[in-house]
Amino acid sequence: MKKNILLLPGDGIGHEISKEAEKIFNWLDKNTNLEFEISKELIGGASIDEYGEPITNKVLNLAKKSDAILLGAVGGPKWEKLDFIKRPERGLLKIRKELDLFANFRPAIVFDALVSASSLKEEIISDLDIMIIRELTSGIYFGEPRGIEKISENIKKGFNTLVYHSDEIERIATVGFEIAMKRNKKLCSIDKANVLESTELWRDVVNDVSKKFPEIHLTHMYVDNAAMQLVRNPKQFDVIVTTNMFGDILSDCASMLTGSLGMLPSASLGEFNTGKKIRKAMYEPVHGSAPDIAGKNLANPLAMIQSIGMMLEYSFSSLDLNNLLKSCINNILNNGYRTEDIFSNSNEKKLGTSEMGDMLVKELEAS
Ligand code: NAD
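Residues numbered from 1 in each chain as written. Predicted model: local features only at pLDDT ≥ 70, side-chain atom pairs only at ≥ 80, totals over all residues. Heavy atoms only, no water.

Colleague: Quick question: what am I supposed to make of the overall build of the chain here?
Modeller: When you go through the chain residue by residue, the secondary structure sums to 12 helices and 14 strands. Oriented by its inertia axes, the alpha-carbon framework of the chain measures out at about 60 × 50 × 50 Å. Accessible surface computed for the chain: about 16,900 Å², of which carbon and sulfur atoms make up 50%. Distance between charge centroids for the chain: 1 Å, based on 45 positive and 52 negative side chains. (Helix = DSSP H or I, 4+ residues; strand = E, 2+ residues; numbered from the N terminus. Areas by Shrake-Rupley, 256 points an atom, 1.4 Å probe, with all protein chains shown as cover. Lys, Arg positive; Asp, Glu negative; His and termini not counted. Charge placed at Lys NZ, Arg CZ, Asp CG, Glu CD.)

Encoded structure:
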């Protein structure tokens, strides 16, 4: 049966990397037993320009019906002056919230060939393989009340609310423990329980959930220490589970361990449907729309393509195909091919966005 994929290129480099994603779907269509029906729709600034809103109900309904969503990136300077509620990022937050995509998986894996692209020493990052699990539908990005208010003639107040309910913490903690069980049975929960009550509750609930997973070695760490430890000694971590905002920041920090934001994929998953092994899912690179390089054929498409790999594994149970994509990427990098963001010396061969996509298809053909 054909898999219905909703492709949402979004803005900026989202368009360029989505074209490369389509090349990979075409290859998969022709060469594997998976078949894809791709619907391409607008989100973010592109949707604002066309329809006056960052996502339309039609697109939201298509998202709900699709087998998986692949998103490029949203946002850009053109829409930065709009009210928060009308900005491109709201389209993305709406999909996450409406589909209840509460578990965001952000792997940070260092490919051997890119060890020198990291700003850290080789011994600190070689063989690095961390999974950061970020809570995605609650916390300070969604908490109410929020806003900017004028409180006197000269003073304004900006405020947001960091709120977590115990059931929200319980379900993301459970995902963290389940993934840790499949890996090295180590889980680090990151909070700021010393000063924020909502994350004191976070720590209590994670401890409660840990009773169901006695084999897992659980540790807790404050977020400020975690940021420092990620750079000092990242290999001490295996699976990290954390709140929405802390996960957002720490995973960007982890991206620099891997050499570039352009190398980091992500998956956002919902609950399993009762009785079925299906869950709503959206896949997207961690990076944004990169307005500084948009339209110049400079974007690295590998985060987007690895996001397809995560889709194949998590939504279509094809771990082998995810591994195939990763090994083809590894070969290309070992052969010295680089996009601008991971280019470090003249022995390497520089490729544009579309040439990197073509190179990957060539490598898949040869596999
Ligand atoms: P960004 O991730 O777009 O860019 C940060 C830096 O990384 C830039 O120098 C950019 O050129 C580089 N970069 C990012 N992706 C790259 C790639 N694939 N290949 C090569 N280089 C890459 O973050 P930003 O500049 O803070 O934000 C730009 C816009 O993107 C903003 O409007 C922001 O709100 C939005 N944004 C969207 C998402 C999303 O759609 N998920 C995530 C983050 C930021």
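What follows picks up the thread again.
Colleague: Would you mind showing me how to read the site of the ligand here?
Modeller: Val74, Glu89, Gly288, Ala290 and Asn300 are the nearest of the 21 residues found near the ligand. Note that an oxygen atom of the ligand is positioned 2.8 Å from one of the backbone N or O atoms of Ala290. Here the ligand, which alone exposes 810 Å², has 69% of that area covered by the protein. Classifying every residue of the shell around the ligand gives 10 nonpolar, seven polar and four charged. (Near = heavy atom within 4 Å. Polar contact = N/O pair within 3.5 Å; in protein donor to acceptor, adjacent residues only side chain to side chain. Nonpolar A, V, L, I, M, F, W, Y, C, P; charged D, E, K, R; others polar.)

Colleague: How should the domain arrangement of the chain be read in this particular structure?
Modeller: How big an interface is tends to be expressed through the accessible area that disappears when the partners come together. Domain boundaries in the chain define domain 1 (1–100 + 271–367) and domain 2 (107–263). In this structure, domain 1 and domain 2 have C-alpha centres spaced 23 Å apart. Taken together, the contact pairs 23 residues of domain 1 with 22 residues of domain 2. A buried area of about 2,000 Å², summed over both sides, lies between domain 1 and domain 2, and 61% of it is on carbon and sulfur atoms. Among the residues domain 1 hides against domain 2, the three largest losses belong to Arg96, Lys97 and Ile342. Together they make up 22% of the total. Our count for the contact surface shared by domain 1 and domain 2 stands at one salt bridge. A salt bridge links Asp100 to Arg171, with the shortest nitrogen-to-oxygen separation between them at 2.8 Å. (Domains from an automatic or database assignment. Contact = heavy atoms within 4.5 Å. Buried area = accessible area lost by both parts, 1.4 Å probe. Salt bridge = Lys/Arg side-chain N within 4 Å of Asp/Glu carboxyl O.)

Colleague: Just to check I follow, could you spell out the pairing of strand 8 (residues 186–191) for this structure?
Modeller: Remember that side chains alternate between the two faces of the sheet whenever the strand is regular. With respect to burial, strand 8 is a largely interior element, five of its six residues being buried. As paired elements, strand 8 and strand 9 (residues 217–222) share six bridges and run parallel to each other. By the bridge assignment for strand 9, Leu187 is matched with Leu218. Note on the crossover from strand 8 through helix 7 (residues 197–210) to strand 9: the handedness is right-handed. (Buried < 20%, exposed > 50% of the residue type's maximum accessible area, 1.4 Å probe, protein only. Pairing = 2+ DSSP bridges. Right-handed = clockwise from strand over helix to strand, strands pointing away.)

Colleague: I'm lost on the state of the cysteines in this one. Help?
Modeller: A complete count under the given rule lists zero disulfides for this structure. Counting only cysteine sulfurs, Cys188 is the nearest neighbor of Cys253, a cysteine outside any disulfide, at a range of 14 Å. (Disulfide = S-S within 2.5 Å.)

Colleague: Any chance you could explain the packing of aromatic side chains here in plain terms?
Modeller: Counting across every chain of the model gives five aromatic pairs. Centre to centre, the rings of Phe177 and Phe213 are 5.0 Å apart; their planes meet at 10°, and the pair counts as stacked. Note that Phe177 is positioned in helix 6 (residues 166–182) and Phe213 in the loop between helix 7 and strand 9, a separation of 36 residues in sequence. For Phe213, a relative accessible area of 14% corresponds to the buried category. (Phe/Tyr/Trp six-rings, centres within 6.5 Å; stacked < 30°, edge-to-face > 60°.)

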